[in-house]
Protein chains: 2
Amino acid sequence: MDKDITIYDIAKGVGFSPTTVSRALNNHPAVNQKTKQRIYEIATQMGYRSNMFASNLRRQRTHTIGVIVPILNSSFQSSVMAGMEKVATEAGYNLIISQSMGTAEKEVANAKTMFNSRVDGLLVSLAHDTENIDHFEPFFKKGIPVLFYDRVAEHKQSTSIVIDNVQAAYKATTHLIEQGCRNIVHISGNLKINVYANRLKGYKYALIDHNLPFRESLVITNNLTEEDGIKAAEQILKMKPRPDGVFVSNDFCAVNCMKALKQAGISIPHDIAVVGFNNDPITRVVEPSLTTIDYPGYEMGEVAVRSLINYLDALSDISITNTITLRSELIVRESSLRKLQK
Amino acid sequence: MDKDITIYDIAKGVGFSPTTVSRALNNHPAVNQKTKQRIYEIATQMGYRSNMFASNLRRQRTHTIGVIVPILNSSFQSSVMAGMEKVATEAGYNLIISQSMGTAEKEVANAKTMFNSRVDGLLVSLAHDTENIDHFEPFFKKGIPVLFYDRVAEHKQSTSIVIDNVQAAYKATTHLIEQGCRNIVHISGNLKINVYANRLKGYKYALIDHNLPFRESLVITNNLTEEDGIKAAEQILKMKPRPDGVFVSNDFCAVNCMKALKQAGISIPHDIAVVGFNNDPITRVVEPSLTTIDYPGYEMGEVAVRSLINYLDALSDISITNTITLRSELIVRESSLRKLQK
DNA sequence: TTGTATGCGTTATCAC
DNA sequence: GTGATAACGCATACAA
């Protein structure tokens, strides 16, 4: 438990002032190359490590990025985290992560903690029941950049990173139509959340553009849990005429719905074709394998951190960039393939 | 972008000294209740937030816990993170997370960053190819508690949190034997890692205790990836006599192996029974559903942080506690059930 | 119960 | 190129 080495100790060791040591360690141009060399050597030799608090205190910057995420243990969110971590570490930033457990209440508390931790910037994917984003006001007021990803909210002082959910849902629905489906059910989440609202839109537009009627009765709204998938299957089985296609806003829910339908004797995709959303690993495992929308979580994390750092370094201005849209893709698998491949 | 409020500002506002303000805000007993009340009010009213750097600098404590994890986007690891985050936040600690991407090289770099970030304690799950733990020496030297979980290493100054992998594997293998399997293949990961080495042991012991021969040729060692599962299936199909049971050290690998076997016309569990490890969500989705060992990731995360905080608060001594073992459980599903349930 | 003075380790400012 | 000094905001030893 030896005492920490400070720049004063180094200064004594090399016969320079602490100022020069500090400058050398920060690679300041106005320090003689040889001096730098010597100071570096002594510093490593003495086992020096810079004290980030002192430095942060002085510089008023933390080199820390806060992340508020609904729930960590989801395939999508953990991919996002992985992407974020990679870029952040490369750029010399630390990531502090907190989860809102999907509730606005915890999200508010987490925002406060992040504010008190004086993060340089904040990355947020909103909770299910977040009604407004007043709890981020302190950040906006102080000019701390806040960046939303996936589950976003509009704010003139923040950027959003998303995929084009309307287009993705449009593609998914169109694909079902092309496979001959005419009675397509859509299982959606809380429509207050941008992603689900937009997917519903895409579904609707696709129907309309292909001269199919949009029927409220074919839209099932729930929390997209595994059980919700099973319940949705029961609802579908009761519908008359029986639907011939289902587009679900979440893979896990889709998989469970599909399994429940299968158990009820429905043949997938022959009787009912199914499309999910997210490209979760389970989509490749389930039988039949699930057609889905590939959701670039890892890339989203990378882009989010990179953009944030650009704002921090004043390379770009947050009030100019409104939305960054990532590419998503329909991945066709067995669960929806009713026609022979072309 | 207004200026930050400090305890000095509050002091002026209430007519007390900064000292009293500081004490009041820290709920120091030697401050008059009414004074505290007034100071609290003014503080919140003025929008005060404590400056953690100044505080950290003064106290020489960061209230930050470092986590080094092989890879974030795995079902198990993200569950662990979720558990960690919950307990840490409740206790007023921040979590900074970094991933080693499974390589010792990055692990060394991350350890250094964590050290420089002056984390109060460190939680580590080791990379695949970590040969020694010298890179944690600086922590040991400075008395910073290091706690290993899941993929652990022995060190007299650190605690390990694990499940009893020997016993779990023993249970899994015994279950296969009880289902009538006599020729059981074991698919394992890198045997330098404690978890895989111990599972191999458990497999071996179970065979021996049931008077079955242990054969090296029935142990397949790979990286437990999805492709490795498929390759392993090919190996199994070539074995003579054909094995009638497979115990895989990882669910994802197991699932892919099972699917490959099915495609080759093998009936599961009739021809070959399969057991996995981890209780990943896919085990419930795959057909037939996969028998596996439930691995308490979330709980492991909770326990890890709680233990660490206990050390930090000197409630317990790290050099005394060697290992904390969590309960794990065999979950029997269709993939191994060859006999009727009792 | 409250206040004064000091230091935590750095970096920015100004002077040489 | 280099150095002296102050300041960042807080917590504590000591004094009252």
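Every value quoted in this text rests on a predicted model; they were computed, and no experiment measured them.

Considering the relation of the copies chain B and chain A
Working step 1: If you rotate chain B by 180° and push it 0.1 Å along the axis, it lands on chain A with an RMSD of 0.2 Å. Accordingly, the operation relating the two chain copies is best matched by a two-fold axis.
Working step 2: Most of the interface of chain B is mirrored in chain A: 98% of its interface residues are interface residues there too.

Side note on the packing of aromatic side chains
Residue and element names in this part refer to chain B.
Working step 1: Scanning all chains against the criterion turns up 14 aromatic pairs over all chains.
Working step 2: With a centroid separation of 5.2 Å and 75° between ring planes, the pair formed by Phe115 and Phe139 is classed as edge-to-face. You can see Phe115 sitting in helix α6 (residues 104-116) and its partner Phe139 sitting in helix α7 (residues 137-142), a full 24 residues away along the chain. The same class applies to Phe115 as to Phe139, namely buried.
Working step 3: Ring centres 6.1 Å apart and planes at 40° place the aromatic pair Phe247 and Phe277 in the tilted group. Taken together, the residues Phe247 in strand β8 (residues 245-248) and Phe277 in the loop between β9 (273-275) and α12 (282-285) connect sequence positions 30 residues apart. Here the two residues Phe247 and Phe277 agree in accessibility, since each one is buried.

With respect to the packing of helix α1 (residues 7-14) of chain B against helix α2 (residues 18-25) of chain B
All names here are of chain B.
Working step 1: One way to put it is that α1 packs onto α2 with a least axis distance of 8 Å and a crossing angle of 105°. For the element pair α1 / α2, the angle class is roughly perpendicular. In this structure, α1 uses Ile7, Tyr8, Ile10, Ala11 and Val14 to contact α2, whose residues at the interface are Pro18, Val21, Ser22 and Leu25.

So, the UniProt feature "domain: HTH lacI-type" (unreviewed entry) in chain A
Working step 1: As recorded in UniProt, the feature "domain: HTH lacI-type" (unreviewed entry) lies at residues 5-59 of chain A.
Working step 2: Helix makes up 69% of residues 5-59 of chain A and strand 0%. Its end C-alpha atoms lie 20 Å apart.

Let's talk about the protein's contact with DNA strand C
Working step 1: Surveying the vicinity of DNA strand C reveals 28 residues, the closest of which are A:Tyr8, A:Tyr48, A:Arg58, B:Thr19 and B:Arg58.
Working step 2: Restricting attention to atoms of DNA strand C within 4 Å of the protein, one finds that 55% of them are sugar or phosphate atoms.
Working step 3: At 2.9 Å from a phosphate oxygen of DNA strand C is found a main-chain nitrogen or oxygen belonging to B:Ser17.
Working step 4: In the environment of DNA strand C, a base oxygen lies 2.9 Å from a nitrogen or oxygen atom belonging to the side chain of B:Arg23.
Working step 5: For the surface near DNA strand C, the secondary structure elements donating two or more residues are α1 (7-14), α2 (18-25) and α4 (52-59) of chain A together with α2 and α4 (52-59) of chain B.
Working step 6: Taken together, the residues of the surface near DNA strand C break down into eight nonpolar, 13 polar and seven charged.

Structural notes on the side chain of B:Lys259
Working step 1: Within the secondary structure, B:Lys259 sits in helix α11 (residues 251-263).
Working step 2: With no salt bridge to any partner, buried B:Lys259 finds its closest opposite charge in A:Glu287, at an N-O distance of 4.6 Å.
Working step 3: Residues within four places of B:Lys259 in sequence aside, it is in contact with A:Arg284, A:Val285, A:Val286 and A:Glu287.

With respect to the nonpolar core
Working step 1: In terms of nonpolar packing, the biggest core is built from 154 residues, with A:Ile187 and B:Ile187 touching the most fellow members.
Working step 2: Look past the residues within four positions of B:Ile187 in its chain and what remains in contact with it is B:Ile220, B:Asn222, B:Leu224, B:Ala232, B:Ile236, B:Val246, B:Phe247, B:Val248, B:Ser249, B:Cys253 and B:Cys257.
Working step 3: Counting 38 residues, the second-largest nonpolar core is a separate cluster that includes A:Val124, A:Leu126, B:Met114 and B:Ala153.

Points about the protein's contact with DNA strand D
Working step 1: DNA strand D sits among 26 residues. The nearest are A:Thr20, A:Arg23, B:Ile7, B:Tyr48 and B:Arg58.
Working step 2: In DNA strand D, the atoms that sit within 4 Å of the protein are 55% sugar and phosphate, with bases accounting for the remainder.
Working step 3: A distance of 3.2 Å separates a phosphate oxygen of DNA strand D from a polar atom in the side chain of A:Thr35.
Working step 4: One of the backbone nitrogen or oxygen atoms of B:Ala54 is found 3.3 Å away from a base nitrogen of DNA strand D.
Working step 5: Of all elements in the fold, only α2 and α4 of chain A together with α1, α2 and α4 of chain B reach the threshold of two or more residues within the surface near DNA strand D.

Focus on the interface of chain B and chain A
Working step 1: Between chain B and chain A, the residue contacts involve 53 residues of the former and 52 residues of the latter.
Working step 2: Roughly 4800 Å² is buried in total at the junction of chain B and chain A, and carbon and sulfur atoms are behind 53% of that figure.
Working step 3: Its salt-bridge partner being A:Asp4, residue B:Lys142 comes within 3.6 Å of it at the nearest N-O pair.
Working step 4: Here chain B is connected to chain A by 20 residue pairs in polar contact (both at pLDDT 80 or more).
Working step 5: At the level of elements, α4, α5 (75-90), β2 (94-99), α6, α7, α11 and α12 of chain B are the ones that each hand at least two residues to the side of chain B that touches chain A.
Working step 6: The dominant element in the side of chain B that touches chain A, judged by the number of residues it contributes, is α5(B), at seven residues.
Working step 7: Partitioning the side of chain B that touches chain A into residue classes produces 20 nonpolar, 18 polar and 15 charged.

Describing the packing of α4(A) against α4(B)
For any two helices packed against each other, the geometry is given by the interaxial angle and the distance between the axes.
Working step 1: Running from N to C, α4(A) and α4(B) cross one another at 145°; their axes reach a closest spacing of 8 Å. Helix-helix and strand crossings are classified by hand; for α4(A) and α4(B) the assignment is left-handed. On the side of α4(A), the interface is formed by A:Phe53, A:Ala54, A:Asn56 and A:Leu57, while α4(B) contributes B:Phe53, B:Ala54, B:Asn56 and B:Leu57.
Working step 2: Grouping the amino acids of the contact of α4(A) with α4(B) by side-chain chemistry returns six nonpolar, two polar and no charged.

Some thoughts on the sheet that holds strand β6 (residues 184-188) of chain A
Residue and element names in this part refer to chain A.
Working step 1: An order of β7-β6-β8-β9 is seen for the four strands of this open sheet, with the pairing classed as parallel. Two strands close off the open sheet at either side, each with one partner strand: β7 (219-221) and β9 (273-275). Pairs of neighbouring strands in the sheet enclose a mean axial angle of 15°, with direction left out of account.
Working step 2: As defined by bridge partners, β6 adjoins β7 across three bridges and the pair is classed as parallel.

Quick word on the pairing of β2(B)
Residue and element names in this part refer to chain B.
Working step 1: Within β2, six of the six residues are buried, which leaves it mostly tucked inside the rest of the structure.
Working step 2: Of the two faces of β2, the one carrying Asn94, Ile96 and Ser98 and the one carrying Leu95, Ile97 and Gln99 are both buried.
Working step 3: Here strand β1 (residues 64-69) pairs with β2 via six bridges, running parallel. Within β2, the residue paired with Gly66 across the bridge is Ile96.
Working step 4: Taken together, β1, α5 and β2 form a β-α-β motif whose crossover is right-handed.

Criteria and cut-off values
Residues numbered from 1 in each chain as written. Chains lettered and ligands numbered in written order. Predicted model: local features only at pLDDT ≥ 70, side-chain atom pairs only at ≥ 80, totals over all residues. Heavy atoms only, no water. Least-squares fit on C-alpha atoms with pLDDT ≥ 70 in both. Contact = heavy atoms within 4.5 Å. Phe/Tyr/Trp six-rings, centres within 6.5 Å; stacked < 30°, edge-to-face > 60°. Helix = DSSP H or I, 4+ residues; strand = E, 2+ residues; numbered from the N terminus. Buried < 20%, exposed > 50% of the residue type's maximum accessible area, 1.4 Å probe, protein only. Axes fitted to C-alpha atoms, helices over the stretch in contact; angles between N-to-C directions. Parallel < 35°, antiparallel > 145°, perpendicular 65-115°, else oblique. UniProt positions renumbered as here; feature names shortened; annotations may be inferred. Near = heavy atom within 4 Å. Polar contact = N/O pair within 3.5 Å; in protein donor to acceptor, adjacent residues only side chain to side chain. Nonpolar A, V, L, I, M, F, W, Y, C, P; charged D, E, K, R; others polar. Lys, Arg positive; Asp, Glu negative; His and termini not counted. Salt bridge = Lys/Arg side-chain N within 4 Å of Asp/Glu carboxyl O. Core = buried A, V, L, I, M, F, W, Y, C linked by side-chain atoms within 4.5 Å. Buried area = accessible area lost by both parts, 1.4 Å probe. Left-handed = near helix turned anticlockwise from the far one by under 90°. Pairing = 2+ DSSP bridges. Right-handed = clockwise from strand over helix to strand, strands pointing away.

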